[in-house]
Each structure stands twice: as structure tokens, then as C-alpha cells.
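Structural characterization, general
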Amino acid sequence: MTAIYTPEVWYFLVMLATFVGLAIIKIPISVSLMFSALAGSIAFGEFFPLRHLVEGGFGYIDTILVIGSAMIFMESIKVSGLLDTIAGNMTIAFHKKPTFLLVLMTFFIMIAGMITGSSTATVLTTGAIAFPVLKTLGLSKRRAGSIIAMSGIYGMIAPPINLPAMIIGQGVDMPYIGFTNPLLLMTFPLAIVTSLIIGVRQVKPVDLQEFVRTREREPIKGFAVYLPLIIMVILMVLENVSWGFSLGLPLIFMISAIVASFTGARGNLFKISLSAVQNSLGILSILIGVGMFIQIMTLNGGRGLIVGFLNGLPQGALL
């Protein structure tokens, strides 16, 4: 019972109550986290610990760089026409096999979430491109939207980029290694089952003439348009072999984005980057807020109290 009355418990409760209160009145999550951290520092006796707030804000800088560069890459291949080309070619190739095409489009939608770790990015990029194809397959707007939403969630969870796992791993000083196979098993079978449950009763063969007529962009012919994706895959594979080759995901995404700006439809890389960063500000600002929140919990002892409490549990309960 004495642990309940320790100061660290009250610091944590102040932070939690501040966050919940601000979230209830519709203050953005990132701002709520920042003010919650500030409330925890004031309760601790530190009015405005600028160093800790800045240090906490940069706590997830590697994750922020991965998301930002991945968003730039996705926007680049969208502008270059690669995503439209892939979706169009898949539809043309499998227009007589609607169930198989439905599953393929589910995987196609997931790609953006797998690369960026963001379900929002999935809806804005591959989801927007896949929607007309799902409609052409005979799905209603509601069912097509449901498949895009669920595929966005599965893509966010699937490897290689899983933000919750990366954040948790960084919080407990655990490297983000060995997650690929478990995350694949958790997502791809469920994605197949979900898409079939939602859409298999409505799908029908695609009217190819109608599909081609309603296409906003013609599929781009030639090998060059696929270069950004090929380069990204090659560099990612080299990143995981034991040859000492390591560029890091942010640089891999940026190299691929630069290549995309010169293949397919030409795009202005600066404008593409600006648009991508604006679209990802929501998740990036949340990461900064989470970093501040955890840093202040470390400062006032709340984090240590929780870790100590968990370590004191019996092994069965701890698991």
C-alpha cells in the first residue's frame, strides 16, 4: 500500500489525467502528449525543463527519419506513375480471375503501410489507386472502403516497418531484429481471410474495355518505371546480409525516391518531399510527443516505478 502514496505515482497520474483531459476536448494527440509531459515536470518541481523536452523530442529521431523518407518514396512512385502501372497491369492480367485479383489488390494496398508504417499513408497512396479497381470488380463503396481500411491496418503491422514494435523496442532498449516472420504470419493470412469475407460474394470479372476507358492514367510501358522499386528491394536485401553493407533505411528510401523522380512521369523532388512531409506530420508529431512524455516520466521517476513494479511480479504474471 505504501507504493501507492509515493510521489512518482502522483506524477504519473498527473500526466495521465492531463493527457486524457486534453484528448477528450479534442486537442491533437501530439500536443496533448507535450502538455502532459510539461504537467509531469511541473508536478516534479521542474517548471520548464527545456533540455529534457528537446532530448525527448529527438528520442525517436531514427524512426521519424524512416517514416519521413518512406513517405517521400511512396509519393515519388505515385507521381512517377509506378503505382498506377502496377495496379493497371495486375487488373489487365487477372481481369478474368476476380477472387485472385481481389487478394492481389489487398496485398497491393498493404505495400504503402509496410514501407511507411502508416495506415494513413496507405489510404492516401495505394488505397486511393486501388479504389477504382475494387469498384470495377463489383464491390460497393462501403465494402471497397472496408477492404482499404483493413489492408491499411494490416500493412501498418506487417514488416519491414512496424512503428509500434519499433517504439516499444526503443523504449526498452531492444533492437528491432527478428520481427519479420512473426509479423508476416500475423498479417498476410488475416489479410487474405478478411478480403475474402468482405468481398468474395460481390466480385465479378472486370469489364476490361470499361476499365481501360475510365483509367485516369495509362500504364507506363518499359523497364525504367520499375527501377525505384527494384533498387529499394536490392538495397534492403543487401542491408540484411552479413557483408557489412549498411546504408540505413532513410538513405535507401531517399536514393529510390531520387531515382523515381527521373523515371516514368517526371516529378519535382522538392515539391514531392514537401507534400509527403505535410501528409506525415500527424504521425511524426505524435512520435515527438511520445518521446517528450517518456523522457519526463524518466526524469520524475514514473518510468522507473513502473519498471520496478513489473520486475517485482511473479514470473508467470510478468509473462
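Residues numbered from 1 in each chain as written. Predicted model: local features only at pLDDT ≥ 70, side-chain atom pairs only at ≥ 80, totals over all residues. Heavy atoms only, no water.

**With respect to the confidence of the model for the protein chain**
Across the protein chain, the average pLDDT comes to 87, with 96% of residues at 70 or higher. Of all helices and strands in the protein chain, the one with the weakest mean pLDDT is helix H11 (residues 208-214) (76), whereas helix H8 (residues 141-157) scores best (94). (pLDDT = per-residue confidence, 0-100. Helix = DSSP H or I, 4+ residues; strand = E, 2+ residues; numbered from the N terminus.)

**Notes on the packing of helix H1 (residues 7-24) against helix H2 (residues 29-44)**
It is at 8 Å that the axes of H1 and H2 come closest, and there the two elements cross at 150 degrees. Overall, the two elements H1 and H2 adopt an arrangement that is roughly antiparallel. In this structure, the crossing between H1 and H2 has a hand that is right-handed. From H1, Tyr11, Val14, Met15, Thr18, Phe19, Leu22 and Ala23 reach across to H2, where they touch Ile29, Ser32, Leu33, Phe35, Ser36, Ala37, Ala39, Gly40, Ala43 and Phe44. Taken together, the residues of the contact of H1 with H2 break down into 13 nonpolar, four polar and no charged. (Axes fitted to C-alpha atoms, helices over the stretch in contact; angles between N-to-C directions. Parallel < 35°, antiparallel > 145°, perpendicular 65-115°, else oblique. Left-handed = near helix turned anticlockwise from the far one by under 90°. Contact = heavy atoms within 4.5 Å. Nonpolar A, V, L, I, M, F, W, Y, C, P; charged D, E, K, R; others polar.)

**Observations concerning the nonpolar core**
Counting residues in each nonpolar core, the largest one holds 61 residues, and the members touching the most others are Phe73, Met105, Phe108, Leu134 and Phe253. A per-element tally of this core places helix H4 (residues 61-80) first, with nine residues. The contact partners of methionine 105, leaving out residues within four places of it in the chain, are Ala87, Met90, Ala130, Val133 and Leu134. Within the second largest apolar cluster, five residues are counted, among which are Met114, Tyr154, Ala158 and Ala191. (Core = buried A, V, L, I, M, F, W, Y, C linked by side-chain atoms within 4.5 Å. Buried < 20%, exposed > 50% of the residue type's maximum accessible area, 1.4 Å probe, protein only.)

**Quick look at a nonpolar patch on the surface**
There is a patch of nonpolar side chains on the surface, built from Ile42, Phe47, Phe48, Leu50, Val54, Phe58, Ile61 and Leu65 and spanning about 810 Å² of accessible area. Within the residue set of the nonpolar patch, elements represented by two or more residues are helix H3 (50-57) and H4. A residue is classified by how much of its surface remains accessible, and isoleucine 42, at 44% relative accessible area, is partly exposed. (Patch = residues over 30% accessible without salt bridge, like charges linked within 9 Å, V, L, I, M, F, W, Y side chains within 5 Å. Areas by Shrake-Rupley, 256 points an atom, 1.4 Å probe, with all protein chains shown as cover. Salt bridge = Lys/Arg side-chain N within 4 Å of Asp/Glu carboxyl O.)

**Some points on unusual backbone geometry**
The omega torsion of the bond from proline 159 to proline 160 falls at 10 degrees, within 30 degrees of zero and hence cis. Tracing the backbone shows proline 160 in the loop between H8 and helix H9 (163-171). You will see that lysine 26, though not glycine, has its phi angle at about 70 degrees, which is positive. With respect to the helices and strands, lysine 26 occurs in the loop between H1 and H2.

**Points about the environment of asparagine 181**
Relative to the assigned elements, asparagine 181 resides in helix H10 (residues 180-199). Residues asparagine 181 and alanine 158, spaced 23 residues apart in sequence, show a C-alpha to C-alpha distance of 9.4 Å.

**Describing the packing of helix H7 (residues 119-136) against H8**
At their nearest, the axes of H7 and H8 sit 9 Å apart, and the two run at 145 degrees to each other. H8 is crossed by H7, and the crossing has right-handed handedness. Seen from H7, the contacting residues are Ser119, Thr122, Val123, Gly127, Phe131, Leu134 and Lys135; seen from H8, they are Lys141, Ala144, Gly145, Ile147, Ile148, Gly152, Ile153 and Met156. Taken together, the residues that form the contact of H7 with H8 break down as eight nonpolar, five polar and two charged.

**Digging into the pattern of salt bridges**
In the structure shown here, the tally under the stated rule is one salt bridge. Linking glutamate 55 and arginine 51 is a salt bridge whose minimum nitrogen-to-oxygen distance equals 3.0 Å. With glutamate 55 and arginine 51 both in helix H3 and four residues apart, this pair spans about one turn of that helix. By relative accessible area, which is 55% here, arginine 51 ends up exposed.

**Description of H8**
An α-helical segment advances 3.6 residues per turn. Residues three or four places apart therefore align on the same side. Between the first and last C-alpha of H8 there are 24 Å, a value that for 17 residues agrees with the 24 Å anticipated at 1.5 Å per step. Here H8 has its buried residues at Ala144, Ile147, Ile148, Ser151, Gly152, Tyr154 and Gly155. Close packing links the buried residues of H8 with helix H6 (98-116), H7 and H10. (Expected span 1.5 Å × (residues − 1).)

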